[in-house]
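Summary of structural features
Chain by chain, the residues run as shown.
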Amino acid sequence: MHGPLPPLHHHINPVRMFLAHSCLYAMVLVVITNVTAVEKTCDLIGDKGQESHKESSLLTKLEPLFNQSFETESTNEGEHYIYKFRVCREVSGDMAGLVQINKLNQTRVLGRINETHLTNGSKWILLIYKGGDAYNNHCGNENRKAFVMIICNRKTLKSRLTMVSEEREKLKDCSYIFEFESSLACSPEDLEVASHLSVGSILIITFASLLAVYIIGGFLYQRLLVGAKGMEQFPHCAFWQDLGNLVADGCDFVCRSKPRNVPAAYRGVGDDQLGEESEERDDHLLPM
Ligand SMILES: *[C@@H]1O[C@H](CO)[C@@H](O)[C@H](O)[C@H]1NC(C)=O
Ligand SMILES: *[C@@H]1O[C@H](CO)[C@@H](O)[C@H](O)[C@H]1NC(C)=O
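Glancing now at the overall build of the chain. Scanning the chain for helices and strands turns up six helices and eight strands. For the chain, the proportion of its 288 residues judged to be buried stands at 25%. Pairs at least 24 apart in sequence give 47% of the contacts found in the chain among residues at least 6 apart. Carbon and sulfur atoms provide 60% of the accessible area of the chain, an area that totals close to 20,900 Å².

Pasting the structure below:
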């Protein structure tokens, strides 16, 4: 018998088995390397589970900034520096979260993400990186540290970073101070004010749309169904004209400084007016 091989033989073909297995191993390997390559992030005081709840909730709040980079320049005592900063991500390896680069391209670490401290008030969040490179001749040769003040600004996720000042005249506890603005530092009430404002603009937009629908719809109705021409095509034309006249009269009454004293010759010559006029003249002619 020389019939075709049963299909089962294809499935246990050793080459195929080998390929399938190596594919599986490759996938497992990729998963393992991804797990071990977890990105370095801010480390607060205390092991997992022993960290302060306030600090860890602030850390969660700042997450939208983790993929942002900040850079600013500043001249300090005649020296020009570039500062690079990231929130809970390394700027240049070695756990550096905020670095200072001088003209010779030498990098000095001002603070590290593995020594992060966080605190907040109603309109700000203060991020502190400690464990920077040690001072040489200042501040008792302690490690440098950087304070970054994040100030509430409803309108932006991140503004430009500014170098505020450097304090190194103290015998110890010196610091570099930076600031930038972000909506993340605003309290829920601040953000509510913003949504109230947008409620106001939504109302205005709704009103404008209704007005447009009224005018256009009314116009089409008058023109196509009633068959009106000219000014008559406006919806409730007579009513709005009356209202206009009424408003004009009101303005005339309220705003005019001199009494209205127009000579008869300048008045319009409608039939009814003529009648009035003749009556007035008649009154004058009456004998006293
Ligand atoms: C933070 O990282 C730096 C550099 O890797 C290391 O020298 C330092 O001991 C670390 N600090 C803490 C508190 O783990
Ligand atoms: C600080 O942040 C926490 C968590 O986001 C918040 O509940 C608290 O109200 C903030 N503190 C102040 C004083 O606004």
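We now examine the site of ligand 2. The full set of residues close to ligand 2 is S57, L58, K61, N120, G121 and S122. Taking N120, its side chain carries an N or O atom lying 2.2 Å from an oxygen atom of ligand 2. Here G121 contributes a backbone N or O atom positioned 3.3 Å from an oxygen atom of ligand 2. Against a free-state accessible area of 360 Å², the protein chains account for coverage of 48% of ligand 2.

Let us now look at the confidence of the model for the chain. The pLDDT averaged across the chain works out to 83; a share of 77% of its residues lies at or above 70. Of all helices and strands in the chain, the one with the weakest mean pLDDT is helix α1 (residues 8-11) (50), whereas strand β6 (residues 146-152) scores best (98).

This part takes up the site of ligand 1. If you check the shell around ligand 1, you find D94, M95, R112, N114 and E115 and nothing else. Here an oxygen atom of ligand 1 sits 2.3 Å away from a polar atom, N or O, in the side chain of N114. Taken together, the residues of the shell around ligand 1 sort by class into one nonpolar, one polar and three charged.

Across all of its chains, the model carries seven salt bridges by this definition. E51 serves as the salt-bridge partner of K48, at 3.8 Å between the closest nitrogen and oxygen. Relative accessible area serves as the criterion here: at 73%, K48 is assigned to the exposed category. For E51, a relative accessible area of 18% gives the class buried. Between R112 and D133 there is a salt bridge, and its shortest N-O distance comes to 3.5 Å. Placement of the pair is R112 in strand β4 (residues 107-120) and D133 in the loop between β5 (124-131) and β6, with a sequence separation of 21 residues. The partly exposed category is assigned to D133, whose relative accessible area is 25%. Where salt bridges share partners, they join D94, R112 and D133 into one cluster.

This part covers a nonpolar patch on the surface. A cluster of nonpolar side chains, F207, L211, I215, I216, L220, Y221, L224, L225, V226, M231 and F234, forms an exposed patch at the surface whose accessible area comes to about 1,200 Å². As for its position among the elements, L225 is in helix α4 (residues 188-226). Judged by its relative accessible area of 66%, L225 falls in the exposed class.

Positive phi is not limited to glycine here, since D94 has a value of about 55 degrees. Accessibility expressed as a relative area gives 56% for D94, which makes it exposed. The phi torsion at D173 lies on the positive side, around 60 degrees, for a residue other than glycine. Owing to a relative accessible area of 41%, D173 belongs among the partly exposed residues under this scheme.

Turning next to the nonpolar core. If you look at the biggest cluster of nonpolar residues, it comprises 35 residues, and the most contacted ones within it are L62, F85, L98 and F178. Contributing elements (two or more residues each) for this core: α3 (53-61), β2 (79-86), β4, β5, β6 and β8 (175-182). The leading source of residues in this core is β6, at four residues. Residues in contact with F85, not counting those within four places in the same chain, are S69, F70, V91, G97, L98, L127, Y129, V148, L161 and F180.

So, about the sheet that holds strand β3 (residues 96-101). Reading across the sheet, the eight strands line up as β1-β2-β3-β4-β5-β6-β8-β7 and stay open at both edges, with mixed pairing between neighbours. Two strands in the sheet have a free side with no partner beyond their single neighbour: β1 (69-76) and β7 (162-167). Mean inter-strand twist for the sheet, computed between neighbouring axes without regard to direction, equals 25 degrees. Relative to β5, β4 runs antiparallel, the two being bridged by six bridges. Bridging across to β5, G111 finds its partner in G131.

What counts and how
- Residues numbered from 1 in each chain as written.
- Chains lettered and ligands numbered in written order.
- Predicted model: local features only at pLDDT ≥ 70, side-chain atom pairs only at ≥ 80, totals over all residues.
- Heavy atoms only, no water.
- Helix = DSSP H or I, 4+ residues; strand = E, 2+ residues; numbered from the N terminus.
- Buried < 20%, exposed > 50% of the residue type's maximum accessible area, 1.4 Å probe, protein only.
- Contact = heavy atoms within 4.5 Å.
- Areas by Shrake-Rupley, 256 points an atom, 1.4 Å probe, with all protein chains shown as cover.
- Near = heavy atom within 4 Å.
- Polar contact = N/O pair within 3.5 Å; in protein donor to acceptor, adjacent residues only side chain to side chain.
- pLDDT = per-residue confidence, 0-100.
- Nonpolar A, V, L, I, M, F, W, Y, C, P; charged D, E, K, R; others polar.
- Salt bridge = Lys/Arg side-chain N within 4 Å of Asp/Glu carboxyl O.
- Patch = residues over 30% accessible without salt bridge, like charges linked within 9 Å, V, L, I, M, F, W, Y side chains within 5 Å.
- Core = buried A, V, L, I, M, F, W, Y, C linked by side-chain atoms within 4.5 Å.
- Pairing = 2+ DSSP bridges.
- Axes fitted to C-alpha atoms, helices over the stretch in contact; angles between N-to-C directions.

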